[in-house]
Amino acid sequence: MDSRASLTVHTERRFASGFTVSPALETPVSPGSILVLFGPSAAGKTTILRQIAGLDRPDRGRVQLGDEVWCDVERDLWQPPQIRRVGVVFQEPMLFPHLTVSRNVTYGVRPQVRRRDGTSGSDPFEEIETILNTADLRNRFPRELSGGEAQRVALARALAPRPRLLLMDEPFAALDAPTRVRLRRDVRALLRRTGTPAVLVTHDRTEALAMGDTVAVVIGGRIRQLGSISEVFSHPADVDVAASLGVEAVLPARITAAADGLLTLSVNGVELHVAQREPMPPGIEVYACIRAEDVTLELRSPAHASARNHLSARVTAIASEGPIERVSLDCGFVLDALITRRSREELQLVAGAAVTAAIKATSVHLVARYA
Amino acid sequence: MDWAALWLSVRLATTTTLVLLAIGIPIAYWIVFSTRRWKFLVEAVVALPLVLPPTVLGFYVLMAIGPLSPLGRAYSSLVGHGLPFTFEGLLIASVLYSLPFAVQPFSAEFASVDRRLLEASFSLGVSRLTTFRRVVLPLSVRGLVTGVVLSFAHTLGEFGVVLMVGGNLPGVTRTVSISIYDSVQSLDYAAASRTSLLLLMLSFIILASTYALQRSVWIRARR
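### Points about the domain arrangement of chain A
Residues and elements named next belong to chain A.
Item 1. Domains assigned within chain A are domain 1 (6–245) and domain 2 (249–368).
Item 2. Between domain 1 and domain 2, the C-alpha centre-to-centre distance is 36 Å.
Item 3. Domain 1 puts seven residues into the contact, and the matching count from domain 2 is six residues.
Item 4. At the boundary of domain 1 with domain 2, the tally comes to zero residue pairs in polar contact (both at pLDDT 80 or more).

Right, here's the structure in full:
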């Protein structure tokens, strides 16, 4: 598909309760990239996804991919889901219970395509089945699968007809944590490999960080901010967006070394030591998440302290939040520290002052970004 | 034992069931999947034979297919004889009389198929009609079997409508229930008892085997 194609969802849908979902979204979708619709539950994320899929009609507005108009209420244009060529994966697998895994996977593929590829010796689904690890399940029925297996098959089924866009609505929410982590990685790899762009609905920020390239923050039925993951997480547009994203700083980083359960990260050229909680090999890209209350400030670096990280920093701004002061720092990257007013007075901190920011290695939370 | 009457009843019930299968599935599909506001009217019309006395239904059918109606005249000018008191006339009446017994189980089962399965099928590029054939019908086997069995059994035992529309012509419109009535009228209780017992056993065997079959279908689906 055209790598410059962009997805437009500019619609309005009013529900009987009075709640209105009116997204204004326009974003390029490049092959293999993931747009995350992120936000609290009941914010309207699923409604937006269903309008893209053609499963729901808006009251007003337009849905468009590239120069193909899928829905334009004012011009009375409507393309049913059948001809949009989008794959949809729901929270539950929704496999056809009367068909085997193999027939579920090929359900959306035209019989001619199935046969032709069969005789030419190449199996068009082999790549999908290999990455999703579903080849051994072919002859089973959906009722004989575990939750994780069923969701893998659902993904294979959605991708087999080579959709132009894959839509996923909380696809990993019903799975246990280890299965979820593995599946996220596999899905990311498969989308990259097949060059399929995707839209992922989630309220889980770890998932948004791990899988997203672009994020649209949905609150109260509206898109409140749209941008790259690091952009949105480091510069939330307003208080609501910041609250929904969480209180941590999210810093793009790379792991440079691992030894004795301690990882060394490079954050914008600055070295950071982090306690290792799960295996992460050197070289991979991660997000380092640091809560402002875990950052302590010192005037000079003490000789012996338990905190592993002592960063030279400059105070860029101080904002009062009642008895607590939020001190914005530049230590090679942007970081906030929360301290009491008393501490601020004792340290005589003003904008422009030089300080040392101390962060314990155990206070940094890492999220791997799947390549 | 009036074998001719029994054979006629089985023939009538089988033909009625086949016709109901052919027209009941589209009607049930329309009732379940249509978004028309006035579809409740169609549902009510389909359900009417459940509450209407058979004589009332029979009376209207007789009027509708009789020589005074356009339908009856058109038929007799085409075929050469009228519809009342013939097997075809009986068939039309039976189909109407048993319509809810086919359509209601069909539509209940179609409606119980998870809508998200249909949405999954639509987004995989499969049309509504093909989705119905590939997903809804295979998942509705239980309801189809129920509808077929009820239609068959209901037609086998019908009395009032047959009497109104078909009369009592041996081998043509004298069904098994009318034969029993005849036997009792002529005080031949032995014949009435034999035929009644046969009908009772037949009905029981049909219903029992249906429930047994559904049980195994159900177990297979949930295992």
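### Some thoughts on helix H5 (residues 87–111) of chain B
All names here are of chain B.
Item 1. Helix length check: H5, at 25 residues, gives a terminal C-alpha distance of 35 Å against a target of 36 Å (1.5 Å per residue), a fit within 8%.
Item 2. The sharpest bend along H5 reaches about 50° and sits at Ser 98, with the proline Pro 100 one to four residues further on.
Item 3. Among the 25 residues that make up H5, 18 are buried, leaving the element largely enclosed by the rest of the structure.

### Digging into the confidence of the model for chain A
Item 1. For chain A, the average pLDDT comes to 88, and 93% of its residues sit at 70 or higher.
Item 2. Low pLDDT (under 50) marks residues 116–121 of chain A, which in the prediction has two contacts with non-local residues, meaning those over four places away or in another chain.

### What about the packing of aromatic side chains?
Item 1. Counted according to the given criterion, the structure contains eight aromatic pairs over all chains.
Item 2. Where Phe 96 of chain A meets Tyr 107 of chain A, the ring centres are 4.3 Å apart and the plane angle is 40°; that geometry is what we call tilted. On the criterion of sequence distance, the pair formed by Phe 96 of chain A in the loop between strand E8 (86–89) and helix H2 (101–105) and Tyr 107 of chain A in the loop between H2 and helix H3 (111–119) is long-range, its members being eleven residues apart. Neither residue differs from the other here; Phe 96 of chain A and Tyr 107 of chain A are each classed as buried.
Item 3. Through successive ring pairs, a cluster of aromatic residues spans Tyr 29, Phe 33, Phe 110 and Phe 132 of chain B.
Item 4. The ring of Tyr 287 of chain A carries the charged tip of Arg 369 of chain A above its face, separated from the ring centre by 4.5 Å.
Item 5. Just above the ring of Tyr 107 of chain A sits the side chain of Arg 134 of chain B; from NZ or CZ to the centre is 4.0 Å.

### Overview of the packing of helix H1 (residues 3–33) of chain B against helix H7 (residues 128–136) of chain B
All names here are of chain B.
Item 1. Contact geometry of H1 with H7 gives a least axis separation of 13 Å together with a crossing angle of 110°. Relative to H7, the element H1 lies roughly perpendicular. Touching Ile 25, Tyr 29 and Phe 33 of H1 are Arg 128, Leu 129, Phe 132 and Val 136, all from H7.
Item 2. Looking at the contact of H1 with H7 residue by residue, the classes come out as six nonpolar, no polar and one charged.

### Notes on the interface of chain A and chain B
Item 1. Taken residue by residue, the interface counts 20 residues in chain A and 21 residues in chain B.
Item 2. For the pair chain A and chain B, the summed buried surface comes to about 1800 Å²; carbon and sulfur atoms form 59% of the total.
Item 3. On the chain A side of the contact with chain B, Gln 82, Tyr 107 and Arg 143 of chain A bury the most area, a combined 36% of that side's loss.
Item 4. Note that Arg 116 of chain B and Glu 92 of chain A form a salt bridge whose closest N and O atoms lie 3.4 Å from each other.
Item 5. Counting across the interface, chain A meets chain B through six residue pairs in polar contact (both at pLDDT 80 or more).
Item 6. Elements supplying a minimum of two residues to the side of chain A that touches chain B: E8 and helix H5 (147–159) of chain A.
Item 7. Split into classes, the residues belonging to the side of chain A that touches chain B amount to twelve nonpolar, three polar and five charged.

### Looking at the sheet that holds strand E11 (residues 214–219) of chain A
All names here are of chain A.
Item 1. Taken in spatial order, the six strands make up an open sheet running E8-E9-E10-E4-E11-E12, and their pairing is mixed. Each edge of the open sheet carries a strand with a single partner, namely E8 and strand E12 (222–228). Within the sheet, the average angular offset between the axes of one strand and its neighbour, ignoring direction, is 15°.
Item 2. As paired elements, strand E9 (residues 165–169) and strand E10 (residues 198–202) share four bridges and run parallel to each other. Paired with Asp 169 across the strands is Val 201, a residue of E10.
Item 3. The strands touched by H5 within the sheet are E8 and E9, with E8 carrying the most contacts at an inclination of about 170°.

### Focus: the nonpolar core
Item 1. One finds Leu 265, Leu 297 and Leu 329 of chain A to be the most contacted residues of the largest nonpolar core, which totals 84 residues.
Item 2. Per-element accounting of this core gives the leading share, seven residues, to H5 of chain A.
Item 3. Among the domains, domain 1 (6–245) and domain 2 (249–368) of chain A are the pair contributing at least three residues each to this core.
Item 4. Excluding anything up to four places from it in sequence, Leu 329 of chain A contacts Val 295, Leu 297, Ala 313, Arg 314, Val 315, Thr 316, Val 334, Leu 335, Ala 337, Val 355 and Ala 357 of chain A.
Item 5. If you look at the next biggest cluster of nonpolar residues, it comprises 62 residues, including Leu 37, Ile 48 and Leu 165 of chain A together with Ile 31 of chain B.

### A few points about the sheet that holds strand E13 (residues 248–259) of chain A
Residue and element names in this part refer to chain A.
Item 1. The five strands are arranged E15-E14-E13-E16-E22 in an open sheet whose pairing can be described as antiparallel. The open sheet has two free edges, formed respectively by strand E15 (270–275) and strand E22 (364–368), since each of these has just one partner strand. Neighbour-to-neighbour, the strand axes of this sheet turn through a mean angle of 40°, independent of strand direction.
Item 2. As defined by bridge partners, E13 adjoins strand E16 (residues 285–291) across seven bridges and the pair is classed as antiparallel. Across the sheet, Ala 249 pairs through a bridge with Ile 290, a residue of E16.

Basis of the calculations
- Residues numbered from 1 in each chain as written.
- Chains lettered and ligands numbered in written order.
- Predicted model: local features only at pLDDT ≥ 70, side-chain atom pairs only at ≥ 80, totals over all residues.
- Heavy atoms only, no water.
- Domains from an automatic or database assignment.
- Contact = heavy atoms within 4.5 Å.
- Polar contact = N/O pair within 3.5 Å; in protein donor to acceptor, adjacent residues only side chain to side chain.
- Helix = DSSP H or I, 4+ residues; strand = E, 2+ residues; numbered from the N terminus.
- Expected span 1.5 Å × (residues − 1).
- Bend = angle between axes of the 7 residues up to and from the residue.
- Buried < 20%, exposed > 50% of the residue type's maximum accessible area, 1.4 Å probe, protein only.
- pLDDT = per-residue confidence, 0-100.
- Phe/Tyr/Trp six-rings, centres within 6.5 Å; stacked < 30°, edge-to-face > 60°.
- Lys NZ or Arg CZ within 6 Å of the ring centre and 35° of its normal.
- Axes fitted to C-alpha atoms, helices over the stretch in contact; angles between N-to-C directions.
- Parallel < 35°, antiparallel > 145°, perpendicular 65-115°, else oblique.
- Nonpolar A, V, L, I, M, F, W, Y, C, P; charged D, E, K, R; others polar.
- Buried area = accessible area lost by both parts, 1.4 Å probe.
- Salt bridge = Lys/Arg side-chain N within 4 Å of Asp/Glu carboxyl O.
- Pairing = 2+ DSSP bridges.
- Core = buried A, V, L, I, M, F, W, Y, C linked by side-chain atoms within 4.5 Å.

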